[in-house]
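What follows is each chain in one-letter form.
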Amino acid sequence: MIIEKKERIQNFLKVFLPTLTNAHQYTIAHQLTVSSIETAHAQLLEAIGNDLTLFMKIVEGRVVIDEEPLEDSIYVNRFIQFFKKRAIQYVRFSYDTPQDEFTSFVAMLTVGPTLSEDTAIFPHIQYGKVGLGFKTDDDEENEIDESEKWRDEEAESAREAEQNRKIAQIKQYFTDIQEKDIGIMENVYEAVKKRKSLPDRDIRDAVTDIVTAIKQGSSVLLAFSPLRTLDEYTFTHSTNVCILTLAQAMALNIKEDMLHDIGVAALLHDVGKMFIPEEILNKQGKLTDDEFEQIKLHPQKGAEYLIDKPGIPPLAIVAAYEHHMQFNFSGYPKVSANWRQNICSQMTTISDYFDACRTKRIYRDSIETNIIMDQMSKAGGVTLNPVLAKNFLFLLKKLFEAQQS
Ligand SMILES: [Fe+2]
Ligand SMILES: [Fe+2]
């Protein structure tokens, strides 16, 4: 290997390792992470140069490229430590690795699960453990003869296993993101209660994380996000509604630059509940008419609260105000006859409906998904926008098919 290439690889590692640290310490959407990902990606392409791939493997405590070890350096050592911790012993980047795939790869390494098995879930980036005909530190007995070819059937079952691992990893990835977002929502509600300024930056970062995750996981996300039954209902509910609403918007091919506002709006749709007495919100059993009247004020109170908050998109005010209005205006608040509901509010209503039914509340069990789907399809054109309800049910159907296949 020519010296110049080795240098380019060292330069890549010099920015790649700090990128992983930034993503781990802050979030994938944090400005620091975003700019270091950009630089690392550029350095990666630089390191690949005119080759088809950059294939780095860890052999006997060294990073080996084209059968030649790289010189020891602080970044080479950190690379080895980082990847060994995740049981990864080789990474292969293709010359045409797009930046967003590289971003997702970084996100998965740092936000996502500990990787315990070899897998290849990105089209341009392969990584994994053992089995490519070289000796590794932990798996010497796993040496595989390069000339040995998999038969078709074996390749097929390997693909299936890989698919299952991919689903498991994405689920874990979402769970991790959701845990983090619940924390952000706790801070949001704390800020509202104490009349402090909203952490609008964190809110945006949370939405970016979810958008990135949905891009990776497509319909898989629906498998678990509404199934959680934590006590912190309001926080989980907010993040669930955000995930479900973004999934709807992305299925409708809504433009990328609108997604953030939609996500923020969905995340904050119930912020007005902070102005309703807790004993009413958490009451077990039936609400009195007067108590229900108070609950019905949360859309208006939420909109009033958000109206002058810096960094909050106007769409969030609209969705907070309209999310209980219903398609046929049978909900609340009541508005004039020529009112036009925003599509974001209507998507939020659908996610809200689904999540409220799926979440186990104190006073009743969660309703089976097929019963909810049935109810939702009947509600299409009545309380729910029929086109959006159809889009949502289609998303759910795709999920079940994916789960059963
Ligand atoms: Fe609400
Ligand atoms: Fe809600």
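Conventions used here
Residues numbered from 1 in each chain as written. Chains lettered and ligands numbered in written order. Predicted model: local features only at pLDDT ≥ 70, side-chain atom pairs only at ≥ 80, totals over all residues. Helix = DSSP H or I, 4+ residues; strand = E, 2+ residues; numbered from the N terminus. Buried ≥ 20, exposed ≤ 12 C-beta atoms within 10 Å, placed from the backbone. Contact = placed C-beta atoms within 7 Å. Pairing = 2+ DSSP bridges. Core = buried A, V, L, I, M, F, W, Y, C linked by C-beta atoms within 7 Å. Axes fitted to C-alpha atoms, helices over the stretch in contact; angles between N-to-C directions. Parallel < 35°, antiparallel > 145°, perpendicular 65-115°, else oblique. Left-handed = near helix turned anticlockwise from the far one by under 90°. Nonpolar A, V, L, I, M, F, W, Y, C, P; charged D, E, K, R; others polar.

A. Quick peek at the overall build of the chain. For the chain, the count of helices and strands is 15 helices and five strands. Put simply, the chain has 405 residues, and 37% of those count as buried. Across the chain, contacts joining residues at least 24 apart in sequence account for 69% of those joining residues at least 6 apart.

B. View of the sheet that holds strand S1 (residues 53-59). In spatial order, the strands read S3-S2-S1-S4-S5; together these five strands make up an open sheet with antiparallel pairing. Where the open sheet ends on each side, the last strands, each with one partner, are strand S3 (68-69) and strand S5 (125-128).

C. Local environment of the pairing of strand S4 (residues 90-94). Pairing between S1 and S4: five bridges, direction antiparallel. Its bridge partner being in S4, Met56 is matched across the sheet by Val91. Bridge count between S4 and S5: four bridges; the pairing is antiparallel. Looking at S5, one finds that Val91 is bridged to Tyr127.

D. Focus on unusual backbone geometry. The peptide bond linking Tyr332 to Pro333 adopts the cis configuration, its omega dihedral lying at -10 degrees. In this structure, Pro333 sits in the loop between helix H12 (314-322) and helix H13 (343-358). The phi angle at Phe329 is positive, at roughly 60 degrees, despite the residue not being glycine. Summarising the element assignment, Phe329 is placed in the loop between H12 and H13. Residue Phe329 is classed as partly exposed on the basis of its C-beta count, with 14 C-beta atoms lying within 10 Å.

E. Quick look at the environment of Glu4. Examined against the element boundaries, Glu4 turns out to sit in helix H1 (residues 3-25). For Glu4, a count of 9 C-beta atoms within 10 Å gives the class exposed.

F. Structural detail: the nonpolar core. One finds Ile210, Leu246, Ala265, Leu306, Ala316 and Ala320 to be the most contacted residues of the largest nonpolar core, which totals 49 residues. Ranked by the residues each element gives to this core, the list is headed by helix H7 (residues 233-251), at eight residues. Apart from residues lying up to four places away in sequence, Ala316 is in contact with Val264, Ala265, Leu268 and Leu306. Judged by nonpolar contacts, the second largest core, of 33 residues, contains Leu13, Phe16, Tyr90 and Val106.

G. Molecular detail of the packing of helix H8 (residues 256-267) against H13. Put simply, H8 and H13 touch, their axes get as near as 10 Å, and they point 50 degrees apart. Comparing the axis directions of H8 and H13 gives the class oblique. In this structure, H8 crosses over H13, and the sense of that crossing is right-handed. Across the interface between the two elements, Ile262, Ala265 and Ala266 of H8 pack against Cys344, Thr348 and Ser351 of H13. Classifying every residue of the contact of H8 with H13 gives four nonpolar, two polar and no charged.

H. Molecular detail of the packing of H12 against H13. Look at H12 against H13: their axes get within 8 Å of each other, and the N-to-C directions meet at 50 degrees. By the angle class used here, H12 and H13 are oblique. For the pair H12 and H13, the crossing hand works out as right-handed. Contacts from Leu315, Val318, Ala319 and Glu322 of H12 reach H13 at Cys344, Ser345 and Thr348. Among the residues making up the contact of H12 with H13, the classes are represented as four nonpolar, two polar and one charged.

I. Focus on the pairing of strand S2 (residues 62-65). Looking at chain direction, S1 and S2 are connected through three bridges and run antiparallel. When the bridges of S2 are listed, Ile58 appears paired with Val63. Remark: two residues form the turn of the hairpin made by S1 and S2, two consecutive strands paired antiparallel; Glu60 in that turn has positive phi of roughly 50 degrees. Where S2 lies against S3, two bridges are found, and the strand directions are antiparallel. Considered in S3, the bridge of Val64 is made with Pro69.

J. Spotlight on the environment of Leu70. Structurally, Leu70 is set in the loop between S3 and helix H3 (74-85). The spatial distance from the C-alpha of Leu70 to the C-alpha of Ile9 is 8.7 Å, given a sequence separation of 61 residues. The contact partners of Leu70, leaving out residues within four places of it in the chain, are Lys6, Ile9, Gln10, Arg62, Val63, Ile65 and Val76.

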